[in-house]
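Descriptive analysis of the structure
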Amino acid sequence: MASPPEKKFDDDAVEAASAPAASLQERKTMTDIIRNAKLATEKEHKMTLLQGLKLYPKAIAWSVLISTCIAMEGYDISLVNNFYAFPQFNEKYGEAVTTADGQVTYQVSAAWQAGLSNGAVVGEIIGLVINGWVSERFGYRYTLITCLTLIIGFTAIFFTAQTVVHLQVAEILCGIPWGVFQTLTITYASEVCPIALRGYLTTYINFCWGIGQMIGIGVIMGNLWRTDEWAYRIPYALQWMWPLPLIAGIFFAPESPWWLVRKGRLGDAKHSLLRLTSLDRETDFDADETVAMMVHTSALEQKITKGASYLDCFKGVDRRRTEIVCMCWAIQNLSGNSFSNYSTYFLQQAGLSNDKAYAFAMGQYAINCAGVFGAWTLLTLGIGRRTLYLYGLAALFTMLLILGFLGLASDRQAASLATGSIMLVWALCYQLTVGTVCYSLVAEISTRRLQIKTVVLGRILYNIVGIICGVLTPYMLNPSAWDWGNYAGFFWAGSCFLCFVYAYFRVPEPAGRTFAELDLLFEQNISARKFASTDVDVFAEHVEGDVLNKYQDQIAISDIKIKI
């Protein structure tokens, strides 16, 4: 019996027949991605603070751990600025100075004081630039662990320093990992939590800064009684208490799911999300939907932002976002923060002893920490970031004017006491608004694709402005220089007013928005004053890109495995 004739298919016919099927599958996959992304977006918008706390307790714990890295910088800064009053420190690293009555004292020269204070800033700028490349390539965890390991070695230079040159080298080298911490902690906090928690975890970083300063002042006060070299060597040695516990914790921390999505590691991103969330869920959380939302956002950003280099931060839509982030950082110094740091100086002018002046300094750092919790309360009450920023700048401007007018008072002792006290109130208002909310603004306004580099550029400007303000303020207050005294308040009031004008016209309201919605608002060039009231539909946009294609491929592979 003859076998049936074998059917022969033309290759072109096969391609023609399979093409519609492939196209249909792609459309189906795209529909699934958009549907899942839309569901995840709706769930984030509806999620309350309490639900976020219950769903993301692990994310909160990991973010708090990684944010603690920034406390090391606050600790060292409080040391170097207060060691100049230590006789033992001055005798070791200073120069002999003969007073008018013939007594010989030791002082670190003004040039070296400026060098030591700014040396860390120079190192931070170097670290910031490096971080823009390294963390995006190797991931957040490995970058942080490497920096913490470097801190262990660099601290040994502090501890064994024999000359002021050695201290300068240590400040610059330690500044490099500190610069990495300044941006990576913010980025991680913003990428591991939902909208409901984003403002709290990003602003918590400011609390860590204050904690580091408080610990530093406390260590200094605990060693005031010592008359040997250990008065300054013990505080330096205590810097070793930070890295090892942090390295151990960060080693087990989950990587940022947003970074994993950008790298196309979608399975790892889902695993990371599951490690960040709790099994005891009150919401119908779905990790696949959240990954789809991240993929959709990344594809949308690829459409809006073609590249991912520092130069791309100044192109197209991202130029505006980079400008706002940079100015939000700069306003922290331009609003008069460097002037308020001299509250101890005015209190000493009013007759307070050194130990009481240090106690007031610790009180100011405690106010900084308390201000963060106060800002959380205001955020919980529904007050937006932009609103807090504007009202905060208005209040700071008013108090700076009052400080300036106190220069007209004839009773200088009473005026100095009032000045120091008002500066403490100024510090509280600053931390309730501008000082704390800035961390949330810079984390939310920058695009995911360029966030690290955008925040790096902003922080570099912050450091540069900080150096300028740090040089100008002593000249304003020093009796042997410009001797402005309280009248410096008028200068900083003018600067603060200009900051208010800028913020009113340029700083938008990002609260309650997903990253994709913020991307679209900036692409449509919506006015900063209309951000909160403008409705956008991110899913009406046609998106494509490498991340989206890879996600489609992985879904297709999963379907094949299921059928098999």
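Residues numbered from 1 in each chain as written. Predicted model: local features only at pLDDT ≥ 70, side-chain atom pairs only at ≥ 80, totals over all residues. Heavy atoms only, no water.

**Regarding unusual backbone geometry**
Applicable threshold: Helix and strand assignments come from DSSP, with helices taken as H or I runs of at least 4 residues and strands as E runs of at least 2, each series counted from the N terminus.
Even without a glycine there, the phi angle at asparagine 525 is positive, about 60°. Position of asparagine 525 relative to the elements: it lies in the loop between helix H23 (515–523) and helix H24 (546–563).

**Digging into the packing of helix H15 (residues 316–340) against helix H22 (residues 488–506)**
For the record, the criterion: Helix axes use the C-alpha atoms of the stretch in contact, all axes being lines fitted to C-alpha atoms, and the angles between their N-to-C directions lie in the range 0 to 180 degrees. In these notes the angle categories are as follows: under 35 degrees is roughly parallel, over 145 is roughly antiparallel, 65 to 115 is roughly perpendicular, and the rest is oblique. By definition, any crossing whose near helix is turned counterclockwise from its far helix by less than a right angle is left-handed, and any crossing with a clockwise turn is right-handed. Every residue pair with non-hydrogen atoms within 4.5 Å of one another is taken to be in contact.
Taken N-terminus to C-terminus, the directions of H15 and H22 make an angle of 155°; their axes are 9 Å apart at the nearest point. If you check the angle between H15 and H22, you find them roughly antiparallel. Crossing hand, H15 versus H22: left-handed. Along its contact with H15, which presents Arg320, Glu323, Ile324, Met327, Ile331, Asn333, Leu334, Ser335, Gly336, Ser338 and Phe339, the element H22 presents Ala488, Gly489, Trp492, Ser495, Cys496, Cys499, Tyr502 and Arg506.

**A closer look at the environment of glutamine 107**
With respect to the helices, strands and loops of the structure, glutamine 107 is situated in strand E2 (residues 104–107). In this structure, the C-alpha to C-alpha distance between glutamine 107 and lysine 92, residues 15 residues apart in sequence, is 9.4 Å. Discounting chain neighbours no more than four positions away, the residues touching glutamine 107 are Tyr84, Asn90, Gly94, Glu95 and Val97.

**Digging into the packing of aromatic side chains**
Which entries qualify depends on this criterion: Aromatic pairing here means that ring centres of Phe, Tyr or Trp (its six-membered ring) are within 6.5 Å. Orientation follows from the plane angle: under 30 degrees is stacked, over 60 is edge-to-face, and everything else is tilted. Summary of the burial criterion: residues with accessible area below 20% of their type's maximum are buried, those above 50% are exposed, and those between are partly exposed, where the area comes from a 1.4 Å probe applied to protein chains only. Whether a charge sits over a ring depends on NZ of Lys or CZ of Arg being within 6 Å of the ring centre and within 35 degrees of the ring normal.
According to the stated counting rule, one finds 28 aromatic pairs in the structure shown. Measuring from ring centre to ring centre gives 5.2 Å for phenylalanine 251 and phenylalanine 252, while their planes differ by 90°; the resulting arrangement is edge-to-face. With a relative accessible area of 47%, phenylalanine 251 lands in the partly exposed category. In this structure phenylalanine 252 comes out as exposed when scored by relative accessible area, which is 53%. On the basis of an interplanar angle of 35° and a centroid distance of 5.4 Å, the ring pair of tryptophan 482 and tryptophan 484 is categorised as tilted. In textbook terms, an aromatic cluster arises when at least three aromatic residues are bridged by ring pairs, as seen for Tyr200, Tyr204, Phe207, Phe373 and Trp376. Of note, arginine 233 hangs over the ring of phenylalanine 159, and the distance from its end group to the ring centre comes to 4.3 Å. One Lys or Arg, arginine 448, reaches over the ring of phenylalanine 515 and ends 3.5 Å from the middle of that ring.

**Here we look at the pattern of salt bridges**
Stated precisely, the cut-off is as follows: Salt-bridge detection follows one rule: a side-chain nitrogen of Lys or Arg within 4 Å of a carboxyl oxygen of Asp or Glu.
For the structure shown, the criterion picks out 13 salt bridges. Between aspartate 288 and lysine 270 there is a salt bridge, with its nearest N and O atoms 3.2 Å apart. In this pair, aspartate 288 is assigned in helix H14 (residues 287–304) and lysine 270 in helix H13 (residues 266–276), connecting sequence segments 18 residues apart. With a relative accessible area of 36%, aspartate 288 lands in the partly exposed category. A relative accessible area of 31% means that lysine 270 is categorised as partly exposed. Two residues, aspartate 312 and lysine 315, come together in a salt bridge whose shortest N-O distance is 3.7 Å. For aspartate 312, a relative accessible area of 11% translates into the label buried. Salt bridges sharing common partners tie together Glu136, Glu191, Arg262 and Arg448.

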